[in-house]
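Chain by chain, the residues:
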Amino acid sequence: MNGLKIKVEAALQQRDRGALLIDTRTPDEFDEATIPGAVNVPLFSNEERARVGTVYHREGAAAARLLSVDLVAPRIPALVREVMQYCGDDRSSVIVFCWRGGERSRAVATFLRLAGISARQLEGGHKAFRAHVRQYFERRQWGRLLVLRGLTGVGKTRFLLKLRDRGHPVIDLEGLANHRGSAFGALGCAPQPSQKMFEALLWDELRHVGLQGYALAEGESRHIGKCRLPAEVYASLQEETSLWLHASAGVRVKRLLEDYPAVEQCRDQFRGPIQALRRRLGGERVERLLTLLDDGDWENLASDLMRYYYDPLYRHTLPQRRIEIEVEDEEAALPAVEKAIQEVLGEPRRTGA
């Protein structure tokens, strides 16, 4: 069929205009990583794909294709109807992909076209999308990243979200990674995405930051839980004058506990991370932390963790180029944070700092 294939750049442009992306890979492949916004309409189940692969290696390509036809043929009507449900009334732009842009996506695109749906096959499949994302990071195709920093509990994430509500562009790195970026950062969060999916989600956010624009982010280490920031993004986070938020220890404890609202439900999950601090803090201090945990004394537990672990660990991150902002009162501090943002934006853009 003429015009069946579409290149990744054109496909992503159509995605932005509302095209429906159909991932025909198995549920396991889809769960590992996909193009943000795509829906999964698998041609094979996880078990069926493994079975086809086994036949391919043992009996050859012809036998594997015949098995594929036997497995898929009875489900073609249901597959087409499922896509129609996703399409709704608009069947004018559907893009189908598999891993390499091979037989799975070509077959589904052909079925859909025969049913009157304007479907195209993504050339190169998800592999081409991955290459597009990697090249995007390598070329650093985004504007300035202004970074909020400060000691644990100061409320960096909550300030980012408030600034987003006030119209500032924000990239919530911890939200994308489903992790708060600390020893206890996974508690109460959904499972983290794979590295591939994290990079795809980050690409989807960063691409809205034009070369002449900016976005606000939180200062992070290279790793947010098991997710790793691309080297170029991490470098960008180091380049601008930092916005250093400061609040008293008491306020930070209060905010920290507010950020972990389900501590009682997660009590047992704190034990392992606390015990892992034994080498850094010593046995006596860790035993005290475990006692506070057993007693449900969350305020003193948070205070001790900040005093003996977090603050000594992160104080060395105090950047030389910084604007210090007192944020004891959240609402009163927002105008000061916005003023500092404008001050940094008024500086020449730095690179390679």
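A few points on the structure.

As for the side chain of Arg 158
Tracing the backbone shows Arg 158 in helix α8 (residues 156-165). Of note is the side chain of Arg 158, whose polar atom sits 2.5 Å from the side chain of Glu 330. Not counting residues up to four positions away in its chain, the partners in contact with Arg 158 are Arg 255, Glu 258, Asp 259 and Glu 330.

As for unusual backbone geometry
Although it is not a glycine, Arg 140 adopts a positive phi angle of roughly 50 degrees. Its place among the elements puts Arg 140 in the loop between α7 (125-139) and β6 (144-150). Phi angles above zero are rare outside glycine, and Asn 178 is one such case at about 55 degrees. Position of Asn 178 among the secondary structure elements: in the loop between α9 (173-177) and α10 (195-206). For Asn 178, a relative accessible area of 25% translates into the label partly exposed.

Topic: the side chain of Gln 192
Here Gln 192 shows up in the loop between α9 and α10. Among residues more than four places away in sequence, those in contact with Gln 192 are Ala 177, Asn 178, His 179, Ile 224, Gly 225, Lys 226 and Cys 227.

Some remarks on the packing of aromatic side chains
All told, the structure shown has 6 aromatic pairs when counted by the stated rule. Feature note: the residues Tyr 136, Phe 137 and Trp 142 constitute an aromatic cluster, connected by ring pairs. The ring of Tyr 308 is capped by Arg 285, whose NZ or CZ atom sits 3.7 Å from the centre of that ring.

Details of the sheet that holds strand β4 (residues 94-97)
One open sheet accounts for 5 strands, arranged β1-β5-β4-β2-β3; its pairing is parallel. Only two strands of the sheet have a single neighbouring strand rather than two, namely β1 (5-6) and β3 (39-40). Note that strand β2 (residues 20-23) and β4 share 4 bridges and pair parallel. When the bridges of β4 are listed, Asp 23 appears paired with Phe 97. Its contacts with the sheet place helix α6 (residues 103-114) against β4 and β5 (119-122), and it is angled at close to 170 degrees to β5.

Calculation rules
- Residues numbered from 1 in each chain as written.
- Predicted model: local features only at pLDDT ≥ 70, side-chain atom pairs only at ≥ 80, totals over all residues.
- Heavy atoms only, no water.
- Helix = DSSP H or I, 4+ residues; strand = E, 2+ residues; numbered from the N terminus.
- Polar contact = N/O pair within 3.5 Å; in protein donor to acceptor, adjacent residues only side chain to side chain.
- Contact = heavy atoms within 4.5 Å.
- Buried < 20%, exposed > 50% of the residue type's maximum accessible area, 1.4 Å probe, protein only.
- Phe/Tyr/Trp six-rings, centres within 6.5 Å; stacked < 30°, edge-to-face > 60°.
- Lys NZ or Arg CZ within 6 Å of the ring centre and 35° of its normal.
- Pairing = 2+ DSSP bridges.
- Axes fitted to C-alpha atoms, helices over the stretch in contact; angles between N-to-C directions.

Purely geometric stuff here, so don't read any function into it on its own.
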